[in-house]
Amino acid sequence: MITESGHFALALALFVALAQSGLGLYGARRGDDALMRCASGAAVALMLLTLVSFGALTYAYVVSDFSLVNVATNSHSAKPMLYKISGVWGNHEGSLLLWVTILALFAGAVVLFGRHLPPLLKARVIAVQGLVAGAFLAFILFTSNPFMRLARPPLDGNGLNPLLQDPGLAFHPPFLYLGYVGFSMAFSFAIAALIEGRVDAAWARWVRPWTLAAWVFLTLGIALGSWWAYYELGWGGWWYWDPVENASFMPWLAGTALLHSALVVEKRDALKSWTILLAILTFSLSLLGTFLVRSGVITSVHSFASDPGRGMFILAMLTAVAGGSLTLYAFRAPALKAGGLFAPLSREGGLLLNNLLLSTAAGTVLLGTLYPLFVDALGGGKVSVGAPFYNAVFVPIMIPLVAAMAVGPLMTWKRTDLLGILSRMKFVVAATLLTGIAVWVLAGGRLGDLASAGGMALAAWLFLGSLWEIGERSMLFRASGPEVVARLKQIPLAAWGMTLSHAGLAIMIVGIVGSSAWMEERIQNMKVGETAKLHDVEIRLDSVSEVPGPNYAALSGTFVLLKDGKEYQRLSPERRQYRQPPRPTSETAIHSTLLGDYYTVIGEEAPGGGYVTRFYWQPLIAWMWAGALIMSLGGLVSLFDRRHRIGAPQGSRKS
Amino acid sequence: MKRRLAYLLPVLVFLGLLGFFFRGLFLDPKAIPSVLIDRPVPQMDLAALPGRGDTGLKSEHFKGQVSLVNIFGSWCVSCVAEHPMLMRLKAEGVVPIHGIDWRDDPVQGMLWLQKNGDPYTRVGTDPPPGRTAVDFGVTGAPESFIVDAEGRIRYKHVGIIDERNWRQTLLPIIKELQK
């Protein structure tokens, strides 16, 4: 019964979404208040309906209702509750339902919090959201319905892929989707602006908080996914440049560019049509990402090969959303009035450089992701594009980006004196050079260490440069103490947020450079009592025992880390054999320190007795996760800036 | 005019991409030509299901006529969905179907067949870790293989056999091999 209500709510939601978009667009065209209010009402109804539907599916998972195909193929009664719930979005149908639910939540949020939005813009934004939601709902109902019943329900379900039974991954998709779908807001605002033919500073101020929120979620989502890959896959890596990761990384790059270009629209009324294009591209890349992963055009999923109808639908949707909006752009964007002019060396110029580099980076990732498809479609056979391509292309794009990032915030609008800035930053320049040299010497002073020394110098440059900006704003070391404090207090939250995010990236670079340059790996066959060396410790295999789990049996090894002969730490990695589906996984055991991670994995029992064990020394890797967290924290802080308070009318500055 | 063209560029690029996506729909990125295709079936001597009355599945059993090998298991939910189709194929009698009860408890496998019907000519059990199926190149269940009269694997089908892929793909290959 509850399942049927969910199913019914989902079908009803499709019609409500269509009404929402029709009423919104037509009402805005006629300037009819009543119609536009109806559209708002529809958006709230859509939000409630999708919530009911999502709740019903969740309920089916919680009570293990195996009469649903979706639950039977993806869940199992012996699964811990957390993974029963995360199983809702751990599959194609459920994840699409989560997608559309979040989309409806965002549209509802516009209605509830967007009281100060101009009514026409608001109605159109809601209408565009309704269109996207309608397309998704139709896709779910016609090709991927999670509420399908099974004529003969099995006694128990198929189980969730044990790799996905992990707290990190349980929350990874919702964050990712909050990011993807959050960018739909920027998209809807862009389309509404194109229909209206007007983009101004106020528009940018309304778009930015949504984009910022989406960006924070996406950053966290990607970081969670990467962290999961690091500790769960058991190979010591944290980023594999596989299509699934790229799918989330492309919208992140485009969205980051969008955040910065919207700033230029807001402050200087320039780069308007570019910003609109970025908003469209960011969301299109989000869609593309979802679909590349879900449709199997790139990485095939079992379901796809047996159902070409699904792929066709996806393609039609992508055509409608991306093709339609880009066509609208082609016709309407030339009419947007160009705004303020600026010299190449200026804050605007810096942000434009940021945009060029970030979009080039996104394009590069897109090319690498789609290249296998291109080659295959042209009859060139199967190829795969791996890390070497990305490292060769991506790193050279990032170096100038990071180098410019430290200076950009110090530049003034319109035109700037770059040499003047650099000469004021001589302390930072000196510290950067010192860091580079120090790292080079410490690393061994070989020619091959120059790259890692350069990376660390870059991180120092960005970190100190970001702090320097705050120092200059507050006239640190130049004004009296109380004046500095007064000036610090006046710095808006948005500026603090930027500093945090930029510094966060610097910290992340430390982790990336450290772990890729100085990682150590030891693979060996060990019997109980034997020791192996890793970095500055010796690792002894103390014991191996069988440990039963709720839905698996585990082989648990106990390693003792010895530093200078004394016990330093105990780690117990496991090798689990899940019962349903029958699949082995390895649970790593990691000891994290600021200097690096000791990472241990226990493998199968070797034929001649003993166990295959793998140890990794991952230098500075904790810095990477910390950096990512600080980055998103920066976004969050910026979100609370008075200027960005959703719908806050202009000019109510007190303080 | 030139300015207008620049604005048209994004949609043109997208249309180009679209062409590739459309083509991509009809390519199967996983259809990496299996190295096992046209090779003899792996050496095997699989035990029979308890009480089923056959002698299990051995490599010799594939010699002499074209056969379909189906990988299943009592734990496999998709296999339940596939099963009526296999029962129909048995009734039609176009090709003998051999089953491999993969990563399964043989008793459970037999009970499952008693409950859902038994479309197989011969069944071999491949209990965990299921090495024989892995030698076949199996990545999941259900999967099916067409083996020719000389005992060579000629085609691998991933996923459920349904009306459509049976008519369009599997049956023509079997007919061709049976000539």
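Predicted, not measured: the structure shown is a model, and the values here were computed from it.

K.L.:
I'm lost on the overall build of chain A in this one. Help?
P.N.:
Scanning chain A from N- to C-terminus turns up 21 helices and ten strands. A globule of 655 residues ought to have a C-alpha radius of gyration of about 26 Å, and chain A, at 27 Å, matches this closely. The C-alpha extent of chain A, read off along each of the three principal axes, is 80 × 75 × 55 Å. Relative to its 655 residues, chain A shows a buried fraction of 58%. Counting contacts in chain A only where the partners sit at least 6 residues apart, residues at least 24 apart contribute 73% of the total. On chain A, roughly 26500 Å² of surface is accessible, and the fraction owed to carbon and sulfur atoms is 67%.

K.L.:
Hey, could you run me through helix 18 (residues 450–474) of chain A in this one?
P.N.:
Three- or four-residue spacings in an α-helix give side chains the same orientation, since the helix completes a turn every 3.6 residues. For helix 18 of chain A, spanning 25 residues, the distance from its first C-alpha to its last is 36 Å, which sits close to the expected 36 Å at 1.5 Å a residue. At the C-terminal side of helix 18 of chain A, M475(A) shows a positive phi close to 55°.

K.L.:
What is the right way to look at the nonpolar core in this model?
P.N.:
Grouped burial of nonpolar side chains is what soluble globular proteins tend to show. The biggest cluster of nonpolar side chains holds 167 residues, and the ones touching the most others in it are F189(A), W203(A), I276(A) and F21(B). The element that contributes the greatest number of residues to this core is helix 9 (residues 201–232) of chain A, accounting for 16 residues. Each residue touching F21(B), except ones within four places of it in the same chain, is listed here: L288(A), L292(A), L315(A), L318(A), L370(A) and L373(A). M44(B), C76(B), W102(B) and W166(B) belong to the second largest nonpolar core, which has 40 residues in total.

K.L.:
When you look at a nonpolar patch on the surface in this model, what are you seeing that I'm missing?
P.N.:
All names here are of chain A. There is a patch of nonpolar side chains on the surface, built from L493, W496, L633, L636 and F640 and spanning about 450 Å² of accessible area. Elements that contribute at least two residues to the nonpolar patch include exactly helix 20 (493–518) and helix 21 (621–639). Looking at the element boundaries, L633 is found in helix 21.

K.L.:
Please clarify how the pairing of strand 10 (residues 611–619) of chain A should be interpreted in this entry.
P.N.:
The two faces of the sheet receive side chains in turn, since in a regular strand these alternate between them. By the criterion of burial, strand 10 of chain A is predominantly enclosed, with eight of the nine residues buried. Hairpin connection of strand 9 (residues 596–605) of chain A to strand 10 of chain A: five residues between the antiparallel strands, including G609(A) at a positive phi of 85°.

K.L.:
I tried to follow the environment of G24(B) on my own but got confused; where do I start?
P.N.:
Considering the arrangement of structural elements, one finds G24(B) in helix 1 (residues 2–25). For the pair G24(B) and Y120(B), spaced 96 residues apart in the sequence, the C-alpha separation amounts to 36 Å.

K.L.:
What's the story with the packing of aromatic side chains in this structure? I'm lost.
P.N.:
Given two aromatic rings, one states the distance between the centres and the angle between the planes to describe the pair. Residue and element names in this part refer to chain A. Overall, the coordinates contain 31 aromatic pairs over all chains when judged by the stated rule. Taking 5.6 Å as the distance between ring centres and 50° as the angle between the ring planes, the aromatic pair formed by F249 and F394 counts as tilted. Here the residue F249 occupies a position in helix 10 (residues 243–268), and F394 occupies one in helix 15 (residues 387–407), the gap between them amounting to 145 residues. Note on F394: relative accessible area 9%, which makes it buried. Among the aromatic residues, those joined into a ring-pair cluster are W215, W239, W241, F249, W252, F389, Y390 and F394. The residue whose ring lies beneath R347 is W413, and the NZ or CZ to ring-centre distance is 5.0 Å.

K.L.:
Can you walk me through the sheet that holds strand 5 (residues 122–126) of chain B in this structure?
P.N.:
Consider a sheet: its strands pair through backbone hydrogen bonds, and that pairing is either parallel or antiparallel. All names here are of chain B. Reading across the sheet, the five strands line up as 5-4-3-6-7 and stay open at both edges, with mixed pairing between neighbours. The outermost strands of the open sheet, each flanked by one partner alone, are strand 5 and strand 7 (153–158). Within this sheet the neighbouring strands show an average axis-to-axis angle of 20°, counted without direction. As judged from the five bridges shared by strand 6 (residues 143–147) and strand 7, these two strands associate in the antiparallel manner. Counterpart to E143 in the pairing with strand 7 is V158.

K.L.:
Where do I start with the pattern of salt bridges in this structure?
P.N.:
Oppositely charged side chains can pair when the atoms bearing their charge come close. Residue and element names in this part refer to chain A. Counting across every chain of the model gives 30 salt bridges over all chains. Taking the shortest distance from any N to any O, the salt bridge between R576 and E587 comes out at 3.8 Å. Placement of R576 in strand 6 (residues 574–578) and of E587 in strand 7 (residues 583–587) is noted, with a sequence separation of eleven residues between them. For E587, a relative accessible area of 16% puts it in the buried group.

K.L.:
How do you make sense of the confidence of the model for chain A when you look at a structure like this?
P.N.:
The predicted coordinates of low-pLDDT regions are not to be read in fine detail. Residues and elements named next belong to chain A. Model confidence for chain A is summarised by a mean pLDDT of 87, while 95% of its residues fall at 70 or above. Long-range and interchain partners of residues 299–306, a stretch whose pLDDT sits below 50, account for 21 contacts in this model, where long-range means more than four residues apart. In the model, residues 646–655 has pLDDT below 50 throughout and makes nine contacts with residues more than four positions away in sequence or in other chains.

K.L.:
It is not clear to me how the packing of helix 18 of chain A against helix 19 (residues 481–490) of chain A should be interpreted in this structure. Could you clarify?
P.N.:
Packed helices, taken two at a time, are described by their axes: the angle between them and the distance between them. Residue and element names in this part refer to chain A. Direction vectors running N to C along helix 18 and helix 19 enclose 115°, while the axes themselves pass 8 Å from each other. For the pair formed by helix 18 and helix 19, the contact residues are I470, R473 and S474 on the first element and V484, R487 and L488 on the second. Residue composition of the contact of helix 18 with helix 19, by class: three nonpolar, one polar and two charged.

K.L.:
What exactly am I supposed to notice about helix 5 (residues 92–113) of chain A here?
P.N.:
All names here are of chain A. Spanning 22 residues, helix 5 covers 31 Å between terminal C-alpha atoms, matching the ideal 32 Å at 1.5 Å per step. Counting buried positions over the 22 residues of helix 5 gives 19, a clear majority of the element. One side-chain oxygen of the residue at the start of helix 5 lies 3.2 Å from the amide nitrogen of E93, identifying that residue as N91.

K.L.:
Quick question: what am I supposed to make of the packing of helix 20 of chain A against helix 21 of chain A here?
P.N.:
All names here are of chain A. The contact between helix 20 and helix 21 brings their axes to 7 Å, and the two run at 165°. Accordingly, the angle class assigned to the pair helix 20 and helix 21 is roughly antiparallel. Crossing of helix 20 over helix 21 shows left-handed handedness.

Definitions and limits used
- Residues numbered from 1 in each chain as written.
- Chains lettered and ligands numbered in written order.
- Predicted model: local features only at pLDDT ≥ 70, side-chain atom pairs only at ≥ 80, totals over all residues.
- Heavy atoms only, no water.
- Helix = DSSP H or I, 4+ residues; strand = E, 2+ residues; numbered from the N terminus.
- Rg over C-alpha atoms; globule rule 2.2 N^0.38 Å.
- Buried < 20%, exposed > 50% of the residue type's maximum accessible area, 1.4 Å probe, protein only.
- Contact = heavy atoms within 4.5 Å.
- Areas by Shrake-Rupley, 256 points an atom, 1.4 Å probe, with all protein chains shown as cover.
- Expected span 1.5 Å × (residues − 1).
- Core = buried A, V, L, I, M, F, W, Y, C linked by side-chain atoms within 4.5 Å.
- Patch = residues over 30% accessible without salt bridge, like charges linked within 9 Å, V, L, I, M, F, W, Y side chains within 5 Å.
- Salt bridge = Lys/Arg side-chain N within 4 Å of Asp/Glu carboxyl O.
- Pairing = 2+ DSSP bridges.
- Phe/Tyr/Trp six-rings, centres within 6.5 Å; stacked < 30°, edge-to-face > 60°.
- Lys NZ or Arg CZ within 6 Å of the ring centre and 35° of its normal.
- Axes fitted to C-alpha atoms, helices over the stretch in contact; angles between N-to-C directions.
- pLDDT = per-residue confidence, 0-100.
- Nonpolar A, V, L, I, M, F, W, Y, C, P; charged D, E, K, R; others polar.
- Polar contact = N/O pair within 3.5 Å; in protein donor to acceptor, adjacent residues only side chain to side chain.
- Parallel < 35°, antiparallel > 145°, perpendicular 65-115°, else oblique.
- Left-handed = near helix turned anticlockwise from the far one by under 90°.

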